[in-house]
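Residues per chain are reported as follows:
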Amino acid sequence: SRQAGSPSLADVPAFAEARAARAADAAAWAWAGLDTVRKLPNVEKALSSPNNNPPGELLLGGVLEAARHAPYAAASLHLDGGTLRLRAYMPRDAAQVAPARSWYFAEAEGAPAAVELPGTIATLSVVRDLGAFWLSRGDLFDEQTVAGFAQADTQLGLFFSGRDFGSEVLGELKPGWQFIVVRQEFSDQPVPALKLPAMALVLTMQHPDDFARHLLIAYQKVIGLTNIVGGQQGQPQLLLGTEEYQGASISTASYLPPQKAEPGKAPLNYNFSPACARVGDHFVFGSTLGIVKQLVDALGSGGSSTAATGNFELALQAAPLGAILDDNRELLISQNMLSQGNDRSEAEQAIATLLRLIKAVNKASLRLTTEPTMLGFELLIEADAPGP
């Protein structure tokens, strides 16, 4: 019990501030003072020392920046029927952001609203000023990692006719970009044994009339290099082409049909028909011609509106994810038998259980918001409604 005369938790200003921000419908709530946590050796080192993890910096650099100054972090759990929502938040002072991490908080634009395509499995929408991130590498990373950036700068610049990769390539992109994964339909092409989803990256250009040409040249160089390396390894070759669609000129690359392949057992390569296209101020790179056409339709009809406060949002749809796993059921059963030592009946039961668990969820999302005075994560899981 608290000793007489000692302060209570309710008297701590950071606790009172966090409790005032607590939602009234929270089923559970937790709070942690960060002043003490920051004094722990490992935490202090993680918050103040240059690191060697560029992907981690891209994902969480702004969160670590806010944690350097925030007096507390809090979390709340909310239950509403079949929906579970977990919210974590900490105060944030925009004026305290170090210049080396200002790229993380591109306040002028929110993350692009997710483009919904038929069969969408996942969408990732992010705001990051990648050009500023690249140019801040000397302040963020250790010497070995910075040396790796310098090597990458030279190598990647070759795909863009010697342009500086930080200022003249990444700097030509607006902060908002998104990555989309959809279930792929196999109709007029050799069907591979392992069926992968189609994927696409959507970029927004600062000066589309000029920079789109450089992105197209980079695409052509990547296809050429893929053919050279693949040819040395006996892989199928890609044939370049173009296709006009809905006012957009799509650059395509398709694998030549295999000379011998059993139906439904084509090599893994035939999951891909890489394509790209400019749509207004957007540039789309897709793993298949089909997904690029879908994005031409969606972006051309106004699917590029921006969200106001989102910084990062990952959304997953369970039904199409379950469908693509079901497409590969036989391969999953075989893999389970090999890796787990199960017989076929046991493997079939294990895969069926996995698919039931996936289909029990309707959708899930993880979202990061960066308001001027608050930084928050929200995890949302929505269960599928039970059948009649």
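Residues numbered from 1 in each chain as written. Predicted model: local features only at pLDDT ≥ 70, side-chain atom pairs only at ≥ 80, totals over all residues. Heavy atoms only, no water.

**Topic: the overall build of the protein**
(1) Moving on: The helix and strand tally for the protein stands at 13 helices and 13 strands.
(2) Moving on: Judged by the C-alpha coordinates and their principal axes, the protein covers about 85 × 55 × 40 Å.
(3) Moving on: For the protein, the residues scored as buried account for 37% of the 388 residues in total.
(4) Moving on: If you take every contact in the protein between residues at least 6 apart in sequence, the share linking residues at least 24 apart comes to 67%.
(5) Moving on: When the accessible surface of the protein is split by element, carbon and sulfur atoms take 57% of a total near 20700 Å². (Helix = DSSP H or I, 4+ residues; strand = E, 2+ residues; numbered from the N terminus. Buried < 20%, exposed > 50% of the residue type's maximum accessible area, 1.4 Å probe, protein only. Contact = heavy atoms within 4.5 Å. Areas by Shrake-Rupley, 256 points an atom, 1.4 Å probe, with all protein chains shown as cover.)

**Observations regarding the side chain of Glu172**
(1) Moving on: Mapping Glu172 onto the fold places it in the loop between helix 8 (165–169) and strand 5 (176–182).
(2) Moving on: Despite its burial, Glu172 pairs with no opposite charge, the nearest such side chain being Arg163 at 4.4 Å.
(3) Moving on: With sequence-adjacent residues up to four places away left out, Glu172 is seen in contact with Arg163, Ser167, Thr204, Met205, Gln206, His207 and Phe211. (Lys, Arg positive; Asp, Glu negative; His and termini not counted. Salt bridge = Lys/Arg side-chain N within 4 Å of Asp/Glu carboxyl O.)

**Re the nonpolar core**
(1) Moving on: Within the largest apolar cluster, 43 residues are counted, with the highest numbers of intra-cluster contacts made by Met90, Met205 and Leu375.
(2) Moving on: Those elements giving two or more residues to this core turn out to be helix 4 (54–67), helix 5 (130–135), helix 8, helix 9 (208–232) and strand 8 (248–255).
(3) Moving on: Top contributing element to this core by residue count: helix 9, with six residues.
(4) Moving on: Beyond its immediate chain neighbours, meaning those up to four positions away, Leu375 contacts Gly62, Val63, Ala66, Ala88, Tyr89, Met90, Arg92, Phe105, Leu368, Thr369 and Thr370.
(5) Moving on: Counting residues in each nonpolar core, the second largest holds 20 residues, with Ile180, Ala248, Ala277 and Val292 among its members. (Core = buried A, V, L, I, M, F, W, Y, C linked by side-chain atoms within 4.5 Å.)

**As for a nonpolar patch on the surface**
(1) Moving on: Taken together, the side chains of Leu79, Leu84, Leu86, Leu379 and Ile381 present a nonpolar region at the surface, about 370 Å² in accessible area.
(2) Moving on: Those elements that place two or more of their residues in the nonpolar patch are strand 3 (83–91) and strand 13 (374–383). (Patch = residues over 30% accessible without salt bridge, like charges linked within 9 Å, V, L, I, M, F, W, Y side chains within 5 Å.)

**Quick notes on unusual backbone geometry**
(1) Moving on: The residue Ser161 is not glycine, and still its phi comes out positive at about 55 degrees.
(2) Moving on: The phi angle at Gln246 is positive, at roughly 50 degrees, despite the residue not being glycine.
(3) Moving on: Relative to the assigned elements, Gln246 resides in the loop between strand 7 (238–245) and strand 8.
(4) Moving on: The exposure class of Gln246 is exposed, given its relative accessible area of 60%.

**Concerning the pattern of salt bridges**
(1) Moving on: In this structure the tally under the stated criterion is 15 salt bridges.
(2) Moving on: Across the pair Lys174 and Asp281 runs a salt bridge whose closest N-O atoms are separated by 3.9 Å. Note that Lys174 is positioned in the loop between helix 8 and strand 5 and Asp281 in the loop between strand 9 (275–279) and strand 10 (282–286), a separation of 107 residues in sequence.
(3) Moving on: When its relative accessible area of 25% is taken as the criterion, Lys174 is described as partly exposed.
(4) Moving on: The class for Asp281 is partly exposed, based on a relative accessible area of 29%.
(5) Moving on: Linked by salt bridges that have partners in common, Glu57, Glu65, Arg68 and Arg101 make up one network.

**Observations regarding the packing of helix 12 (residues 329–340) against helix 13 (residues 344–359)**
(1) Moving on: Orientation of helix 12 relative to helix 13, taken along the N-to-C sense of each, is 120 degrees, at an axis distance of 9 Å. By the angle between their axes, helix 12 is oblique relative to helix 13. Pair helix 12 / helix 13 crosses with right-handed handedness. Here helix 12 contributes Arg329, Glu330, Leu332, Ile333, Asn336 and Met337 to the contact with helix 13, which in turn contributes Arg344, Ala347, Glu348, Ala350, Ile351, Ala352 and Leu355.
(2) Moving on: Of the residues contributing to the contact of helix 12 with helix 13, the split by class is eight nonpolar, one polar and four charged. (Axes fitted to C-alpha atoms, helices over the stretch in contact; angles between N-to-C directions. Parallel < 35°, antiparallel > 145°, perpendicular 65-115°, else oblique. Left-handed = near helix turned anticlockwise from the far one by under 90°. Nonpolar A, V, L, I, M, F, W, Y, C, P; charged D, E, K, R; others polar.)

**Observations regarding the packing of aromatic side chains**
(1) Moving on: Counted according to the given criterion, the structure contains 14 aromatic pairs.
(2) Moving on: Between Tyr104 and Phe105, the ring centres sit 5.1 Å apart and the planes meet at 65 degrees, which makes this aromatic pair edge-to-face. The burial state of Tyr104 is the same as that of Phe105; both residues are buried.
(3) Moving on: Pairing Trp134 with Phe149 gives two aromatic rings, centres 4.9 Å apart and planes at 75 degrees, and the pair type is edge-to-face. One end of the pair, Trp134, is in helix 5; the other, Phe149, is in helix 7 (residues 143–157), and 15 residues separate them in sequence. (Phe/Tyr/Trp six-rings, centres within 6.5 Å; stacked < 30°, edge-to-face > 60°.)

**With respect to the pairing of strand 11 (residues 310–317)**
(1) Moving on: Pairing geometry for strand 4 (residues 120–127) and strand 11, over five bridges, is antiparallel. The partner of Ser125 across the bridge, within strand 11, is Glu313.
(2) Moving on: Bridge count for strand 11 against strand 12 (residues 361–371) is seven bridges, and the pairing is antiparallel. Paired with Gly310 across the bridge in strand 12 is Thr369. (Pairing = 2+ DSSP bridges.)

**Quick word on the confidence of the model for the protein**
Should the pLDDT be low somewhere, the predicted coordinates at that spot are not to be read in detail.
(1) Moving on: Of all residues in the protein, 93% attain a pLDDT of 70 or more, and the chain-wide mean is 88.
(2) Moving on: Looking over the protein, one finds the lowest element-wise mean pLDDT in helix 1 (residues 13–20), namely 81, and the highest in strand 10, namely 97. (pLDDT = per-residue confidence, 0-100.)

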